[in-house]
Amino acid sequence: MSDQPLPPGATIGIVGGGQLGRMSAIAAARLGFRTHILTDDPDGPAAQVAGGATVGGYDDPDALRRFAGLVDVVTFEFENISADGLALLATLRPVRPAGDILRISQDRLAEKRFLAESDVPLAPWHAVEDRAALDAAAAALSYPFVLKTTRLGYDGKGQRVIHRPDELDPAWDGLAPHPLVAEALIPFACELSVMVARGLDGTVRTFDATENRHRHHILDLSLAPAPVPAEVCAEAEALAVRIAERIGLVGLLGVEMFLDADGRLLVNEIAPRPHNSGHWTMDACLVGQFEMHVRAVAGLPLPPPGRHSDAVMKNLVGPDEMALWPAILAEPGLVAHLYGKREARPGRKMGHVNRLFPRGGLPGAFGIEAALGPLARREPPDA
Ligand code: ADP
Ligand code: MG
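Each residue is numbered by its place in its chain's sequence as written, counting from 1. Written order decides the labels, with chains lettered from A and ligands numbered from 1. pLDDT decides what is reported in this predicted model: residues at 70 or higher carry local features, side-chain atom pairs at 80 or more are listed and counted, and totals for whole chains, interfaces and linings draw on all residues regardless. Processing note: side-chain calculations cover all non-hydrogen atoms of the structure and skip hydrogens and water entirely.

### Considerations on the overall build of the protein chain
Formally: Each helix corresponds to a stretch of at least 4 residues labelled H or I by DSSP, and each strand to a stretch of at least 2 residues labelled E; elements are numbered beginning at the N terminus. In this description the radius of gyration comes from C-alpha coordinates, and the expected globular size is given by 2.2 Å times residues to the power 0.38. Summary of the burial criterion: residues with accessible area below 20% of their type's maximum are buried, those above 50% are exposed, and those between are partly exposed, where the area comes from a 1.4 Å probe applied to protein chains only. Any two residues having at least one pair of non-hydrogen atoms within 4.5 Å are treated as being in contact.
Secondary structure summary: the protein chain contains 13 helices and 17 strands in total. Taking 2.2 N^0.38 as the reference for a compact globule, 383 residues should give roughly 21 Å; the C-alpha atoms of the protein chain span a radius of gyration of 20 Å, in line with that estimate. Taken along its principal axes, the extent of the C-alpha atoms in the protein chain is 60 × 50 × 40 Å. The burial tally for the protein chain puts 54% of its 383 residues in the buried class. Within the protein chain, residue pairs in contact and separated by at least 24 positions form 62% of the contacts whose partners lie at least 6 positions apart.

Laid out in structure tokens, this is it:
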């Protein structure tokens, strides 16, 4: 029964109430599905557009049971649900992607181990279970290196670059919870990502590799297709396919990578859900990442994305960029998306805009800035 495609009118349950859930719910509605959100915020971005919401904790068995009782299949826009919560959901409804995949992606150490076993190239890394292991990692990696928590990091939170031995104690005390992961600091040429979807029937689809540029550790711009050699894009997509197949994905997964100075790809992390770096697909493809996600979760066929344009996606972060919203709305050619968040706090992702170009027409740096109109940058991005 669970391998049958969900019929129109069925309900997709989404764990998590943020913008990824909101855009998934909108895509689901367009395909004739209902959505129901499990969230701690009854007026959050996803609950505003879904058919209903169960308000409760992600680890509260009663809330999880009530939620599951109202939906036909469960998916996520958010990875940090407990192992017990996942196990409970799996006894009640099909969970896509499966809980094992979330258990890997929500723990950087499990993720590194899985990727290493899958022959996926990674930056040199060491598990740091105790203080002595941190000294050993520092000696092996040499300075500077990056120290990260294994759980609950996002937008660069829960990690530090360590430059000198006297920073080891404060970093060990300041980063929590333990254990930690130490990684070589990669002087990357650029950051890339690939969104990959895999259906119930094993069909795999990738979206074109995307270049991602961050500001203050938050994604600022995505460029698609990534302006790197075609062989690099092909290799990035092949790595994403390998990961999707090895992990037994049913759903959508984002793979973040570094392209190092020697042209080698190193995988940074994976996220088994729609991803900010895939937002350009909403307007530049016939089937964008959110529809692909919904199709995979609902057991529908996965067509090729059908990218018809090149694209630049710019995030709208915090009060300063939100202040430009009226000018963005007035700017011809910017496709604007807003998430319905009540308050524009600094560093908060409020929405994004997509600017399309004819295929093959992605401009260089100055052209991209010019094309962003009111969002054109006056200072350079992070190095
Ligand atoms: P998050 O969960 O916050 O996205 P990431 O591991 O992706 O955590 O790190 C956030 C950003 O920090 C990356 O996109 C990259 O810009 C930078 N970064 C992380 N790890 C490294 C590394 N080993 N070398 C160089 N830059 C890194
Ligand atoms: Mg990341």
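This is not the end of the story, as more comes after the structure.
### As for the site of ligand 1
Spelled out, the test is: Nearness is judged by heavy atoms alone; a residue qualifies as near a molecule or strand once a single heavy atom is within 4 Å of it. Here a polar contact is taken to be a pair of N or O atoms separated by no more than 3.5 Å, where protein atoms must pair a possible hydrogen donor with a possible acceptor and residues adjacent in sequence count only if both atoms sit in side chains. For the area figures, the Shrake-Rupley method with a 1.4 Å probe applies, and any residue is considered shielded solely by the protein chains shown.
Taken together, 19 residues lie near ligand 1, and K148, G156, E191, N268 and E269 sit nearest. Between ligand 1 and R108 there is a distance of 3.0 Å, counted from an oxygen atom to a side-chain nitrogen or oxygen. In the environment of ligand 1, a nitrogen atom lies 2.8 Å from a nitrogen or oxygen atom belonging to the backbone of A184. Compared with its free state, where it exposes 540 Å², ligand 1 has 89% of that area covered by protein. Elements supplying a minimum of two residues to the shell around ligand 1: β6 (145-149), β8 (180-184), β13 (251-259) and β14 (265-271).

### Quick look at the coordination of the magnesium ion (ligand 2)
Quick reminder of the rule: Water is absent from the atoms considered, so a metal site may look incomplete; donors are defined as N, O and S atoms within 2.8 Å of the metal, or 3.2 Å for Na, K and Ca.
Taken together, the protein ligands of the magnesium ion (ligand 2) are E256 (OE), E256 (OE) and E269 (OE), with distances of 2.0 to 2.7 Å. Here E269 lies in strand β14 and E256 lies in strand β13, a separation of 13 residues in the sequence. When its relative accessible area of 18% is taken as the criterion, E256 is described as buried. Assessed through its relative accessible area of 22%, E269 is described here as partly exposed.

### Notes on the sheet that holds strand β3 (residues 52-55)
Keep this limit in mind: Between any two strands, pairing holds if DSSP finds at least two bridges. For every element, the axis is a line fit to its C-alpha atoms; helices are fit only across the contacting stretch, and the angle between N-to-C directions ranges from 0 to 180 degrees.
Pairing in this open sheet of four strands is parallel, and the strands run β3-β2-β1-β4 from one edge to the other. Looking at the sheet topology across the chains shown, the edges are occupied by β3 and β4 (73-76). Taking each pair of neighbouring strands and ignoring which way they run, the sheet shows an average axis angle of 25 degrees. Of the pairings in the sheet, the one linking strand β1 (residues 11-15) to β4 comprises four bridges and is parallel in character.

### Considering the layout of surface pockets
Just so we agree on the cut-off: Only protein atoms enter the 1 Å grid, on which a cavity is a set of points fitting a 1.4 Å probe that cannot get out and a pocket is an open set with protein on both sides within 12 Å along at least 5 of 7 lines, lining residues being those with an atom within 4 Å of a point. Grid points are joined across faces, edges and corners, and a volume is the space filled by probe spheres set on the points. Just so you know the grouping, Ala, Val, Leu, Ile, Met, Phe, Trp, Tyr, Cys and Pro go in nonpolar, Asp, Glu, Lys and Arg go in charged, and all remaining residues, Gly too, go in polar.
Of the volumes computed, that of the second largest pocket is approximately 420 Å³. Residue lining of the second largest pocket: 20 residues in total, with R215, V317, D320, E321 and R377 positioned closest to the centre. Put simply, the parts of the chain that give the lining of the second largest pocket at least two residues each are β12 (218-224), β15 (309-317) and α11 (318-322). Here the element with the most residues in the lining of the second largest pocket is α11; it accounts for four residues. Looking at side-chain class alone, the lining of the second largest pocket contains nine nonpolar, three polar and eight charged residues.

### As for the sheet that holds strand β7 (residues 159-162)
Here we have four strands laid out as an open sheet, ordered β5-β8-β6-β7, and antiparallel in their pairing. Each having just a single partner strand, β5 (125-128) and β7 make up the two edges of the open sheet. When the angles between neighbouring strand axes are averaged without regard to direction, this sheet yields 20 degrees. Note: β6 against β8, five bridges, orientation antiparallel. Within the sheet, the bridge partner assigned to K148 lies in β8 and is V181. Relative to the sheet, helix α6 (residues 131-141) contacts β5, β6 and β8, its axis offset from that of β5 by approximately 170 degrees.

### Description of empty space enclosed by the protein
Over the atoms, a rolled probe matching the size of one water molecule traces out where space is still vacant. The full count for this structure, using the stated rule, is one cavity of 30 Å³ or more. Size it by volume and the largest cavity reaches roughly 30 Å³. At the level of secondary structure, the elements contributing two or more residues to the lining of the largest cavity comprise β1, α1 (19-30) and α10 (289-298). Its residues assigned to classes, the lining of the largest cavity shows four nonpolar, four polar and no charged.

### Focus on the side chain of H337
Locating H337 in the fold gives a position in strand β16 (residues 334-338). Of the polar contacts made by the side chain of H337, one reaches the side chain of D283; its length is 2.8 Å. Discounting chain neighbours no more than four positions away, the residues touching H337 are M282, D283, W325, G351, H352 and N354.

### Observations regarding the environment of D262
Mapped onto the elements of the fold, D262 is located in the loop between β13 and β14. Considered as a pair, D262 and F357 are 95 residues apart in the sequence and their alpha carbons are 30 Å apart.

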